[in-house]
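Chain by chain, the residues:
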Amino acid sequence: MQIERYETGKRMSQAVTYGGFVFLAGQVAIDAPGVSVREQTTNILARITRLLEDVGSNPTRILSATIWLADISSFEDMNAVWDAWVPSGHAPARATVEARLAGPEFTVEIGMIAAVGN
């Protein structure tokens, strides 16, 4: 089995595939820093959708998700976007925790593991 890396920089790759799985790096709202939790979540999930599609996967193939919130009181705002995005019947295993993120302009970070293929 071959390891493939996508959008690789000096420190990390945005996605790595191996053995029928894709491992996504934690995604933040690079294109929407400083906006509301709902807007950041929307931006992140669009990035995740694109990354999954780039490696031959999609949101119905997500196995596990970890969500970090800068403030757990924004849990419901994040979930409002999340619930609309996750395909019905395809909810992954998930953990959501409060944590200090890379910068104060980011309020949400999401990492995932998914199966590759249809």
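This text gives an overview of the structure that appears in the document. Model, not experiment: these values are computed from the prediction.

**Some details on the overall build of the protein chain**
Stage number 1. Secondary structure summary: the protein chain contains two helices and six strands in total.
Stage number 2. The secondary structure elements of the protein chain, listed N-terminal to C-terminal, are β-β-β-α-β-α-β-β.
Stage number 3. At 14 Å, the protein chain has a C-alpha radius of gyration in line with the 13 Å of a compact globule built from 118 residues.
Stage number 4. Along the three orthogonal principal directions, the C-alpha set of the protein chain runs to about 40 × 35 × 20 Å.
Stage number 5. Looking at the protein chain as a whole, 42% of its 118 residues qualify as buried.
Stage number 6. Partitioning the contacts of the protein chain with sequence separation of at least 6, the portion at a separation of at least 24 is 69%.
Stage number 7. Of the accessible surface of the protein chain, which amounts to about 6500 Å², a share of 52% is contributed by carbon and sulfur atoms.
Stage number 8. Seen as two clouds, the 9 positive and the 13 negative side-chain charges of the protein chain have centres 8 Å apart.

**As for the pattern of salt bridges**
Stage number 1. Going through the model one piece at a time under the given rule, you end up with three salt bridges.
Stage number 2. A salt bridge links R38 to D77, with the nearest nitrogen and oxygen atoms 3.3 Å apart. Taken together, the positions of R38 in helix 1 (residues 37-54) and D77 in helix 2 (residues 75-85) put the pair 39 residues apart, joining distant regions of the chain.
Stage number 3. For R38, a relative accessible area of 41% corresponds to the partly exposed category.
Stage number 4. By relative accessible area, which is 32% here, D77 ends up partly exposed.
Stage number 5. A network of salt bridges, in which partner residues are shared, links E7, R50 and D54.

**A look at helix 1**
Stage number 1. The end-to-end C-alpha distance of helix 1 is 25 Å, a good match for the 26 Å that 18 residues give at a rise of 1.5 Å each.
Stage number 2. Taken together, the buried positions of helix 1 are V37, Q40, T41, N43, I44, L45, R47, I48, T49, L51 and L52.
Stage number 3. Following helix 1 by one or two positions, G56 has its phi on the positive side, about 85 degrees.

**Quick look at the packing of aromatic side chains**
Stage number 1. Counted according to the given criterion, the structure contains two aromatic pairs.
Stage number 2. On the numbers, 6.4 Å between centres and 45 degrees between planes, the contact of F21 with F23 is tilted.
Stage number 3. A relative accessible area of 36% means that F23 is categorised as partly exposed.
Stage number 4. Relative to W85, the ring of W82 has its centre 5.7 Å away and its plane inclined at 50 degrees; by these criteria the two rings are tilted. Taken together, the residues W82 and W85, both in helix 2 and three residues apart, mark about one turn of the helix. Pair check on accessibility: W82 and W85 agree, each one buried.
Stage number 5. In this structure, R94 is placed above the aromatic ring of W82, and the distance from its NZ or CZ to the ring centre is 5.2 Å.

**Side note on helix 2**
Stage number 1. Among the residues of helix 2, M78, N79, V81, W82 and W85 are the ones counted as buried. One face of helix 2 carries all of its buried residues, which in axial projection span an arc of 165 degrees. Turned more than 90 degrees off the buried face of helix 2, the exposed positions are E76, D83 and A84.
Stage number 2. Residues of helix 2 that are buried in the fold lie against helix 1, strand 4 (62-69), strand 5 (93-98) and strand 6 (108-115).

Parameters and conventions
Residues numbered from 1 in each chain as written. Predicted model: local features only at pLDDT ≥ 70, side-chain atom pairs only at ≥ 80, totals over all residues. Heavy atoms only, no water. Helix = DSSP H or I, 4+ residues; strand = E, 2+ residues; numbered from the N terminus. Rg over C-alpha atoms; globule rule 2.2 N^0.38 Å. Buried < 20%, exposed > 50% of the residue type's maximum accessible area, 1.4 Å probe, protein only. Contact = heavy atoms within 4.5 Å. Areas by Shrake-Rupley, 256 points an atom, 1.4 Å probe, with all protein chains shown as cover. Lys, Arg positive; Asp, Glu negative; His and termini not counted. Charge placed at Lys NZ, Arg CZ, Asp CG, Glu CD. Salt bridge = Lys/Arg side-chain N within 4 Å of Asp/Glu carboxyl O. Expected span 1.5 Å × (residues − 1). Phe/Tyr/Trp six-rings, centres within 6.5 Å; stacked < 30°, edge-to-face > 60°. Lys NZ or Arg CZ within 6 Å of the ring centre and 35° of its normal. Arc of directions from axis to C-beta.

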